[in-house]
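Architecture and fold: a report
Here is what each chain is made of, one letter per residue.
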Amino acid sequence: MILRGIAKVMDEAVTVPNTNVKVGLDALLGLIPGVGDIGSAAVGAYILRAAARLNVPTVIIARMLMNLLIDAALGIVPFIGDFLDVLYKANAKNARLVVEAVENRGAATRGSWLKLIGAFTVFALIVGGGIVGTVFALKALWNAL
C-alpha cells in the first residue's frame, strides 16, 4: 500500500546511527518555519483523504485527525517540537490505522472509541498546558519589567 511508503518517508526513512530512533522528512521539514508545517500537514491530509476513499470507518478517521492535531500542537514549539515530532510519528500511526481498518473491517470497535477519547484528552492537555505556560511566561515577563 502506498500509504505505508509515504509514512516511511515522512517518519521513518533513516535510522539515527547507534540508536533505534528513526527520522524522516517530517522532522526535517519542521525545521523550516511555517513552510515545513504546511508541507507536513498536506501529507497528513493526503493520508486522511486516502482513508476516506477506502471507506475507513469514521471513528478511525477521527483518530487519525486527532493524531495530526497532536502532531501539529507538538510541532508549534520551536526545536523541542521537532524533537517531539520525531518521537510521535503521526503519519506512521495513521498509515497503520488505515491498513488495520482495511484489513479488518471490524476495527471500529469500542476500543477505537476509547482510544479516540484518550487521544482527545491528551490533545486537550497539550493545548491547555501550552496556554497556561504562555500565560505564566507573559506574567513573569510583565513582572520583570
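Just above sits the structure.
I will try to describe carefully the structure that is included in this document. (Residues numbered from 1 in each chain as written. Predicted model: local features only at pLDDT ≥ 70, side-chain atom pairs only at ≥ 80, totals over all residues. Heavy atoms only, no water.)

1. Details of the overall build of the protein chain
In terms of helices and strands, the protein chain carries seven helices and two strands. Element order for the protein chain, N to C, with α for helix and β for strand: α-β-β-α-α-α-α-α-α. Based on the C-alpha atoms only, the size of the protein chain along its principal axes is roughly 60 × 35 × 30 Å. Here the protein chain holds 145 residues, and 33% of them are scored as buried. Within the protein chain, residue pairs in contact and separated by at least 24 positions form 64% of the contacts whose partners lie at least 6 positions apart. Carbon and sulfur atoms form 72% of the exposed surface of the protein chain, whose accessible area is close to 8900 Å². One way to put it: in the protein chain the 13 positive side-chain charges average out to a point 8 Å from where the 9 negative ones average out. (Helix = DSSP H or I, 4+ residues; strand = E, 2+ residues; numbered from the N terminus. Buried < 20%, exposed > 50% of the residue type's maximum accessible area, 1.4 Å probe, protein only. Contact = heavy atoms within 4.5 Å. Areas by Shrake-Rupley, 256 points an atom, 1.4 Å probe, with all protein chains shown as cover. Lys, Arg positive; Asp, Glu negative; His and termini not counted. Charge placed at Lys NZ, Arg CZ, Asp CG, Glu CD.)

2. Let's talk about the nonpolar core
The nonpolar side chains of a soluble globular protein tend to be buried, and buried together. Among the nonpolar cores identified, the biggest contains 24 residues, and Leu3, Val56, Ile60, Met64, Met66, Ile70 and Val98 are the most heavily contacted of them. Where this core is concerned, the elements lending two or more residues are α1 (2-11), α3 (35-53), α4 (58-75), α6 (90-103) and α7 (110-144). Considering every element that reaches this core, the biggest residue donor is α4, with eight residues. In this structure methionine 66 touches Leu116, Ala119, Phe120 and Phe123, once residues within four positions along its chain are discounted. (Core = buried A, V, L, I, M, F, W, Y, C linked by side-chain atoms within 4.5 Å.)

3. Notes on empty space enclosed by the protein
One pass over the structure, following the stated rule, counts one cavity of 30 Å³ or more. In this structure, the largest cavity occupies an estimated 40 Å³ of space. Every residue along the wall of the largest cavity is listed here: Met10, Asp11, Lys22, Val23, Gly24, Asp26, Ala27, Asp85, Val86 and Lys89. Among the secondary structure elements, those contributing two or more residues to the lining of the largest cavity are α1, β2 (22-23), α2 (25-30) and α5 (80-88). Along the lines of polarity and charge, the residues of the lining of the largest cavity split into four nonpolar, one polar and five charged. (1 Å grid on protein atoms, 1.4 Å probe; cavity = no way out; pocket = protein on both sides within 12 Å on 5 of 7 lines; lining within 4 Å. Points joined across faces, edges and corners; volume = space filled by probe spheres on them. Nonpolar A, V, L, I, M, F, W, Y, C, P; charged D, E, K, R; others polar.)

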